[in-house]
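# Descriptive analysis of the structure
Spelled out, the chains give:
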Amino acid sequence: MGNGCCSSSCSAGYYRVPIIGAHGVGKTAIVNRFMSSEYMSPMESTTDDFDERKLTVVVDNEESIMEFIDLSSVENDDLPADAYVVVFSVHDSDSFTLAEEFLQYLRNELDSDRPIILVANKIDLVRKRQVTKEEARQLAKEFECKYIETSAVLNHKVDELLVGLLKQIKLKLNPDVIQKATIVTQGKGKKHALLKGTKRLLSKILRRTSQPVSQCENLFHL
Ligand code: GDP
Ligand code: MG
């Protein structure tokens, strides 16, 4: 598989998102969290030979399939992408330097205008932190990315990253998309309880994004 159509040409909404970052920054851990999120439903894995995962998400009453590809290099990835997630670890300044190189590659060499979310992972490692929020935010602004700080081990802001990522893709395709997102999960018979949980998550996210945050940290706006 892995031959899905990209962006607006596909009405079902099939979005391909490479997750790029240095080895060990937590790319696999983040995607594993996406897959086990109680709000989203993973699809059956179709391949074992690629490090790719797919899941179905419904936002704005539209079903989307998101495919994540875990990459530690972008040079060998010539398939189209709908968005990119560039990850570094806050306790590893080399991974931040590499993230900058990836951003340079994506924006300047590939000349991509796709949404990019710069993810500062491992923020639970407070005392070992080497990269400040300020410098990371600065980098995000320089390359017109969104910025979010996560901890995959604590499952902190990982749902927000997933929902925000889909929101960014949709905003790019259709900038008039209303800001009120509604999410439902697929099947599995527990719809009611899941919907409640989803509403709680959403109001949490919306409450948070309604507080004054810098534009690059608001994943619900272009
Ligand atoms: P990848 O090479 O980018 O796919 O990184 P992995 O997902 O394999 O993670 C590398 C290591 O970092 C593993 O031991 C993870 O348990 C750990 N790790 C991932 N995310 C976090 C995090 O948010 N905080 C901490 N403390 N460790 C993490
Ligand atoms: Mg990995």
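It should be emphasised that the depicted structure is a prediction, and the values quoted were computed from it without experimental measurement. (Residues numbered from 1 in each chain as written. Chains lettered and ligands numbered in written order. Predicted model: local features only at pLDDT ≥ 70, side-chain atom pairs only at ≥ 80, totals over all residues. Heavy atoms only, no water.)

## Looking at the overall build of the protein chain
When helices and strands are counted, the protein chain shows five helices and eight strands. In sequence order, the secondary structure elements of the protein chain are arranged as β-α-β-β-β-β-α-β-α-β-α-β-α. Within the protein chain, buried positions represent 51% of all 222 residues. Considering only intrachain contacts with a sequence separation of at least 6, the fraction spanning at least 24 residues in the protein chain is 72%. A total accessible area of about 11,200 Å² is found for the protein chain, and carbon and sulfur atoms account for 49% of it. (Helix = DSSP H or I, 4+ residues; strand = E, 2+ residues; numbered from the N terminus. Buried < 20%, exposed > 50% of the residue type's maximum accessible area, 1.4 Å probe, protein only. Contact = heavy atoms within 4.5 Å. Areas by Shrake-Rupley, 256 points an atom, 1.4 Å probe, with all protein chains shown as cover.)

## Regarding the environment of Arg 114
Relative to the elements of secondary structure, Arg 114 occurs in the loop between helix H2 (93-109) and strand E6 (116-121). For the pair Arg 114 and Asp 82, spaced 32 residues apart in sequence, the C-alpha separation works out to 6.1 Å.

## Looking at the site of ligand 1
Looking at ligand 1, there are 16 residues lining it, with Gly 24, Lys 27, Thr 28, Asp 124 and Ala 152 nearest. For ligand 1, an oxygen atom lies 3.0 Å from a polar atom in the side chain of Lys 122. At 3.4 Å, a backbone N or O of Val 153 approaches an oxygen atom of ligand 1. Here ligand 1, which alone exposes 580 Å², has 70% of that area covered by the protein. Of all the elements, helix H1 (residues 27-36) adds the most residues to the shell around ligand 1, at three residues. Residues belonging to the shell around ligand 1 are distributed by class as follows: six nonpolar, six polar and four charged. (Near = heavy atom within 4 Å. Polar contact = N/O pair within 3.5 Å; in protein donor to acceptor, adjacent residues only side chain to side chain. Nonpolar A, V, L, I, M, F, W, Y, C, P; charged D, E, K, R; others polar.)

## Section: the pairing of strand E7 (residues 146-149)
Burial along E7 is two-sided: Lys 146 and Ile 148 and Tyr 147 and Glu 149, pointing in opposite directions, are all buried. Bridge analysis of E6 against E7 gives four bridges, and the strand direction is parallel. The residue bridging Ala 120 from the neighbouring strand is Glu 149, located in E7. In the classification by handedness, the crossover that spans E6, the intervening helix H3 (residues 133-142) and the parallel E7 is right-handed. (Pairing = 2+ DSSP bridges. Right-handed = clockwise from strand over helix to strand, strands pointing away.)

## Concerning the confidence of the model for the protein chain
Summarising the model, the protein chain shows a mean pLDDT of 80, and 68% of its residues fall at 70 or more. Confidence drops under a pLDDT of 50 for residues 45-50, and excluding neighbours within four residues, the segment shows four contacts in the predicted structure. With pLDDT under 50 throughout, residues 178-193 is counted as low confidence; its partners more than four residues away or in other chains account for 37 contacts. (pLDDT = per-residue confidence, 0-100.)

## Re the packing of H1 against helix H4 (residues 158-173)
For the pair H1 and H4, interaxial distance at closest approach is 10 Å and the crossing angle is 80°. In terms of orientation, H1 lies roughly perpendicular with respect to H4. Contacts between H1 and H4 involve Ile 30, Arg 33 and Phe 34 from the former and Val 158, Leu 161 and Leu 162 from the latter. Here the residues of the contact of H1 with H4 are counted per class, giving five nonpolar, no polar and one charged. (Axes fitted to C-alpha atoms, helices over the stretch in contact; angles between N-to-C directions. Parallel < 35°, antiparallel > 145°, perpendicular 65-115°, else oblique.)

## Points about H1
All of the buried residues in H1 are Lys 27, Ile 30, Val 31, Phe 34 and Met 35. Summarising the axial view, the buried residues of H1 lie within an arc of 140°, below the 170-degree limit, and thus occupy one face. (Arc of directions from axis to C-beta.)

## What to know about the packing of aromatic side chains
Counted according to the given criterion, the structure contains two aromatic pairs. Between Phe 34 and Phe 68, the ring centres sit 4.9 Å apart and the planes meet at 45°, which makes this aromatic pair tilted. Residue Phe 34 is found in helix H1, and its partner Phe 68 is found in strand E4 (residues 62-71); the two are separated by 34 residues along the sequence. Taking 4.8 Å as the distance between ring centres and 65° as the angle between the ring planes, the aromatic pair formed by Phe 88 and Phe 96 counts as edge-to-face. Phe 96 carries the same exposure label as Phe 88, and that label is buried. (Phe/Tyr/Trp six-rings, centres within 6.5 Å; stacked < 30°, edge-to-face > 60°.)

## Description of the packing of H2 against H3
Contact geometry for H2 and H3: axes closest at 11 Å, N-to-C directions at 10°. The angle between the axes of H2 and H3 places the two elements in the roughly parallel class. The residues of H3 that touch H2, namely those facing Phe 96, Glu 100 and Leu 103, are Glu 135, Ala 136 and Leu 139. For the contact of H2 with H3, the residue count by class is four nonpolar, no polar and two charged.

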